Amino acid sequence: MENDSRKITIKDVAKLCGLSKGTVDRVLHNRGEVSKESRRRVLEVIQRIGYKPNINASLLASKKHYTLLCLIPQFAPGEYWELIYTGINRAMEKARDYNIGIEVIFYDQFDRESFRQAARRLLDRNPQAVMLAPIFGEDALDLTSTLSARDVPYVYIDSKLEEDGYLAYFGMPMYQSGYLAASLLVDQPDVREVANFRFDRGGDRPQDNPTSCRREGFMAYVAEKFPECRLHEDFLKPYDPEYNVRVLDAFFERHPDVRHIVTFNSRAHLISEYLEKRGISDRVLVGFDKLARNLDGLRKGSVKFLITQRAEAQVYRGITAIIEYMVFHTAPAERDNFMSMDILTKYNVDYYTDNYEF
């Protein structure tokens, strides 16, 4: 029976639970009074046997429609957040099967007020569930506090905040990814200086964003293993290539002996393309995320290592967790779902795929 859930009925579930059909029905449809113990027994059985019955049909037959809103940064083609958006689109068809519509609200990741305005628009829509990337931590906490007060489940992607209200997090362990980057870059002979290029967010530079967590992990590894290693830092601008060339020229003129470079965001290609343009081939650059331009730098050798995360799969799993919570009243087995950190080089980049995650 347990290997063929298509033949399982509510009567079978009730028998396995030792409860009445009526009790099982009330648990499945979240109506009426049911004891905590009875609910636990029902949910344990349906999870064990994979029972997902005619809830789909009853949802589609009903007129009730649910809205899941996703709050993410806006992006240009080829940027990191396009990967996140791709994951959202992949999940839309699955959500439609449960009468759940997915909509995206964008904000400018370099503008705190833009996040606040987007959060207000989200709350005005009265969603039944939310998935968000909390780049501006303090303002994100204001939003999630309101969601919790309204009993709206929410899932974090890309990064998370250390508070108790979220349903789940799906993403890379940020601190550990910075620690990993340091081991790749510094754990070799005669590395005495490292360059870290960060990106200027103007007056809206959040202190608890993912790149800050990665930097903390990187610095912890250096302090533990190679305390004599010095870190030099400078700031680039994400959309000003001429400015970046001037900054990089000046940096390497001041620090001609710096051979090892790290950046903790997804824009390693801005540095690798500069190195290619200047004909500099003796630098070791470590970056993050499988953007097409980053992968191109990896193939050409201007990027040595690329630490990637399965961004589309993170989103898909996050939305799946919300669907299962809303429809089957089943919370994820783990709140913090840390996904793999994959190390790409020029020798394995063309064989890397994450399609099997879906």
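Just above sits the structure.
Below is a short write-up of the structure. (Residues numbered from 1 in each chain as written. Predicted model: local features only at pLDDT ≥ 70, side-chain atom pairs only at ≥ 80, totals over all residues. Heavy atoms only, no water.)

### Structural notes on the pattern of salt bridges
When charged atoms on two side chains of opposite charge get close, those side chains can pair.
Link 1 in the chain: Inspection of every chain in the model, using the stated rule, returns 24 salt bridges.
Link 2 in the chain: With a closest N to O distance of 2.8 Å, arginine 299 and aspartate 350 form a salt bridge. Highlighted residues: arginine 299 in helix α12 (residues 292-300) and aspartate 350 in the segment after β12 (342-344), separated in sequence by 51 residues.
Link 3 in the chain: Its relative accessible area of 54% is what places aspartate 350 among the exposed residues. (Salt bridge = Lys/Arg side-chain N within 4 Å of Asp/Glu carboxyl O. Helix = DSSP H or I, 4+ residues; strand = E, 2+ residues; numbered from the N terminus. Buried < 20%, exposed > 50% of the residue type's maximum accessible area, 1.4 Å probe, protein only.)

### Some points on the packing of helix α10 (residues 241-254) against helix α11 (residues 268-277)
Link 1 in the chain: Contact geometry for α10 and α11: axes closest at 11 Å, N-to-C directions at 70°. The angle between α10 and α11 places the two elements in the roughly perpendicular class. Between α10 and α11 lies a crossing of right-handed hand. Residue-level contacts link Asn244, Val245, Leu248, Asp249 and Phe252 of α10 to Leu270, Tyr274 and Lys277 of α11.
Link 2 in the chain: Counted by class, the contact of α10 with α11 contains five nonpolar, one polar and two charged residues. (Axes fitted to C-alpha atoms, helices over the stretch in contact; angles between N-to-C directions. Parallel < 35°, antiparallel > 145°, perpendicular 65-115°, else oblique. Left-handed = near helix turned anticlockwise from the far one by under 90°. Contact = heavy atoms within 4.5 Å. Nonpolar A, V, L, I, M, F, W, Y, C, P; charged D, E, K, R; others polar.)

### Quick word on helix α7 (residues 137-149)
Link 1 in the chain: Over its 13 residues, α7 extends 18 Å from the first C-alpha to the last, a length consistent with the 18 Å expected when each residue adds 1.5 Å.
Link 2 in the chain: Every buried residue of α7 is listed here: Gly137, Asp139, Ala140, Leu143, Thr144 and Leu147. Considered in projection along α7, the buried side chains sweep an arc of 160° and stay on one side of the axis. Those residues of α7 that are exposed and angled more than 90 degrees off the buried face are Glu138 and Ala149.
Link 3 in the chain: For α7, the secondary structure elements touched by its buried residues are β1 (66-73), α6 (112-124), β3 (129-132) and β4 (154-157).
Link 4 in the chain: A positive backbone phi angle near 60° is found at aspartate 151, which sits one or two residues after α7. (Expected span 1.5 Å × (residues − 1). Arc of directions from axis to C-beta.)

### What about the packing of aromatic side chains?
The geometry of two aromatic rings is summed up by the distance between their centres and the angle between their planes.
Link 1 in the chain: Going through the model one piece at a time under the given rule, you end up with 16 aromatic pairs.
Link 2 in the chain: Seen from their ring centres, phenylalanine 75 and tyrosine 85 are 5.5 Å apart, and the 50° between their planes marks the pair as tilted. Residue phenylalanine 75 is located in the loop between β1 and α5 (80-96), and its partner tyrosine 85 is located in helix α5; the two are separated by ten residues in the primary sequence.
Link 3 in the chain: A relative accessible area of 28% places tyrosine 85 in the partly exposed class.
Link 4 in the chain: Both rings, one in phenylalanine 115 and one in phenylalanine 136, keep their centres 6.0 Å apart while their planes meet at 55°; by these two values the pair is tilted. Highlighted residues: phenylalanine 115 in helix α6 and phenylalanine 136 in the loop between β3 and α7, separated in sequence by 21 residues.
Link 5 in the chain: Exposure remark for phenylalanine 115: the relative accessible area of 0% places this residue in the buried category.
Link 6 in the chain: Judged by its relative accessible area of 4%, phenylalanine 136 falls in the buried class.
Link 7 in the chain: Of the aromatic side chains, those joined through ring pairs into one cluster are Phe197, Phe251, Phe252 and Tyr274. (Phe/Tyr/Trp six-rings, centres within 6.5 Å; stacked < 30°, edge-to-face > 60°.)

### Brief notes about the sheet that holds β12
Link 1 in the chain: Pairing in this open sheet of six strands is mixed, and the strands run β7-β6-β8-β9-β10-β12 from one edge to the other. Because the sheet does not close on itself, it has two edges, and the strands there are β7 (230-236) and β12. The mean angle between the axes of side-by-side strands here comes to 20°, regardless of whether they run parallel or antiparallel.
Link 2 in the chain: Summarising the sheet, strand β10 (residues 305-308) and β12 pair through three bridges and their orientation is antiparallel. When the bridges of β12 are listed, threonine 308 appears paired with aspartate 342.
Link 3 in the chain: Each of β6 (193-199), β7 and β8 (260-262) touches α10; the most contacted strand, β7, lies at about 160° to it. (Pairing = 2+ DSSP bridges.)

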